[in-house]
Amino acid sequence: ASHGGNDPGAKSPDDNYKESEISLEIAKRIQGLAKEYHVKVVMTRENDEFHGGALTKDEALRKRVEIANKVKPAAFISIHLNAEYSNSGYTQLSGIEAYISNKRKDNGDKQLASAILQNLSSLYKTVTEVKIRNTAGVYILDQGTHPSVLLECGFINNAEDLAFITDKANQEKIARKILEAVVKFRSKNFEMSTGAVLHNPISNKAWINKEE
């Protein structure tokens, strides 16, 4: 689950929803269902506090990387919500996206992201290209030693996306699609049909409070 502690991430225009809370709900859904798929989930945070007593966002990010590199997981998935702000507070941008590091050459990143996007595309609007930020890096992806992806589960300031992602039944569906994708990724039982593309965020504001 992304963010947490004193870093709420993006917020809905009415301030009723925080990225940190929704991402944790989805992560816990994944954790709760994982045994059905013979997957072991290690959480980097299980409540609205930074792991291991971290006091700052930077310290929390380092601890996340330390946890992941110690566990050496088959897949590392950072759950986020996107945001692109306008004067009205809402955006027309919509859909699920996946990003991988622009600093690592591990093809596993692309394969993992592709498997997740393929599965989620049958559930909700999904940008099928695996994206790479060609500006600032993403610390938790860049410093990892394992297949890693940052998954944006929709735009928190798009009314349709927000309604979808806050629905408990939909959160379970998302969790199951992600778990199915991890199983496929590990078994290599999928065809990688999406290609990675370089991508510049439409606005720098889209990345306010994002994990760097």
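Owing to the predicted nature of the structure, the values given are computational and were not obtained by experimental measurement.

Draft legend 1. Seen up close, the pairing of strand β1 (residues 76-82). Within β1, six of the seven residues are buried, which leaves it mostly tucked inside the rest of the structure. Judged from the six bridges that link them, β1 and strand β4 (residues 148-155) form a sheet pairing that is parallel. Bridge pairing links S78 to L150 in β4.

Draft legend 2. Fine view of the packing of aromatic side chains. Tallied over the full model, the rule gives one aromatic pair. Look at Y124 and F164: their rings are 4.1 Å apart centre to centre, the planes differ by 15°, and that puts the pair in the stacked class. A residue pair is termed long-range when its members are at least 10 positions apart, and Y124 in the loop between α3 (107-120) and β3 (126-133) and F164 in helix α5 (residues 159-165) qualify at 40 residues. Judged by relative accessible area, Y124 falls into the buried class, the value being 11%. According to the relative accessible area criterion, F164 is buried, its value standing at 10%.

Draft legend 3. Up close: the packing of helix α1 (residues 19-33) against helix α6 (residues 168-187). Running from N to C, α1 and α6 cross one another at 60°; their axes reach a closest spacing of 9 Å. Classed by the angle they form, the pair α1 and α6 counts as oblique. In this structure, α1 crosses over α6, and the sense of that crossing is right-handed. Residues I22, E25, I26, R29, I30 and L33 of α1 touch α6, and the partners they reach there are K168, Q171, E172, I174, A175, R176, I178 and L179.

Draft legend 4. Quick peek at the nonpolar core. Counting 35 residues, the largest nonpolar core has I26, I116, L151 and I165 as the members making the most contacts within it. Sorting the residues of this core by element identifies α1, β1, β2 (96-100), α3, β3, β4, α5 and α6 as the ones contributing at least two each. When residues no more than four places from it in sequence are discounted, the contact partners of L151 are I77, S78, I79, H80, I96, E97, A98, I116, L120 and I178. In this structure, L61, A68, L141 and L150 belong to the second largest nonpolar core, which totals nine residues.

Draft legend 5. A look at the pattern of salt bridges. Within the structure shown, the criterion is met by nine salt bridges. D142 is the partner of K103 in a salt bridge, and the nearest nitrogen-oxygen pair spans 3.6 Å. Of the two residues, K103 is situated in the loop between β2 and α3 and D142 in helix α4 (residues 139-142); the sequence distance between them amounts to 39 residues. The buried category is assigned to D142, whose relative accessible area is 14%. When salt bridges with common partners are traced through the structure, they connect R29, E36, E172 and R176 into a single cluster.

Draft legend 6. Summary view of the environment of G52. With respect to the helices and strands, G52 occurs in the loop between α1 and α2 (57-71). Among the residues examined, G52 registers a relative accessible area of 56% and is labelled exposed. Separated by twelve residues in the primary sequence, G52 and R64 place their C-alpha atoms 9.5 Å from one another.

Draft legend 7. Region of the structure containing the environment of L61. Position of L61 among the secondary structure elements: in helix α2. Here L61 falls in the buried class, since its relative accessible area comes to 4%. Taking the C-alpha atoms as reference points, L61 and H3, 58 residues apart in sequence, are found 8.8 Å from one another.

Draft legend 8. Spotlight on the confidence of the model for the chain. Here the chain averages 88 in pLDDT, and 88% of its residues register 70 or above. Residue range residues 194-212 is modelled with pLDDT below 50. Its contacts to residues more than four positions away, or to other chains, number 66 contacts.

Here is what the cut-offs are and how they apply
Residues numbered from 1 in each chain as written. Predicted model: local features only at pLDDT ≥ 70, side-chain atom pairs only at ≥ 80, totals over all residues. Heavy atoms only, no water. Buried < 20%, exposed > 50% of the residue type's maximum accessible area, 1.4 Å probe, protein only. Helix = DSSP H or I, 4+ residues; strand = E, 2+ residues; numbered from the N terminus. Pairing = 2+ DSSP bridges. Phe/Tyr/Trp six-rings, centres within 6.5 Å; stacked < 30°, edge-to-face > 60°. Axes fitted to C-alpha atoms, helices over the stretch in contact; angles between N-to-C directions. Parallel < 35°, antiparallel > 145°, perpendicular 65-115°, else oblique. Left-handed = near helix turned anticlockwise from the far one by under 90°. Contact = heavy atoms within 4.5 Å. Core = buried A, V, L, I, M, F, W, Y, C linked by side-chain atoms within 4.5 Å. Salt bridge = Lys/Arg side-chain N within 4 Å of Asp/Glu carboxyl O. pLDDT = per-residue confidence, 0-100.

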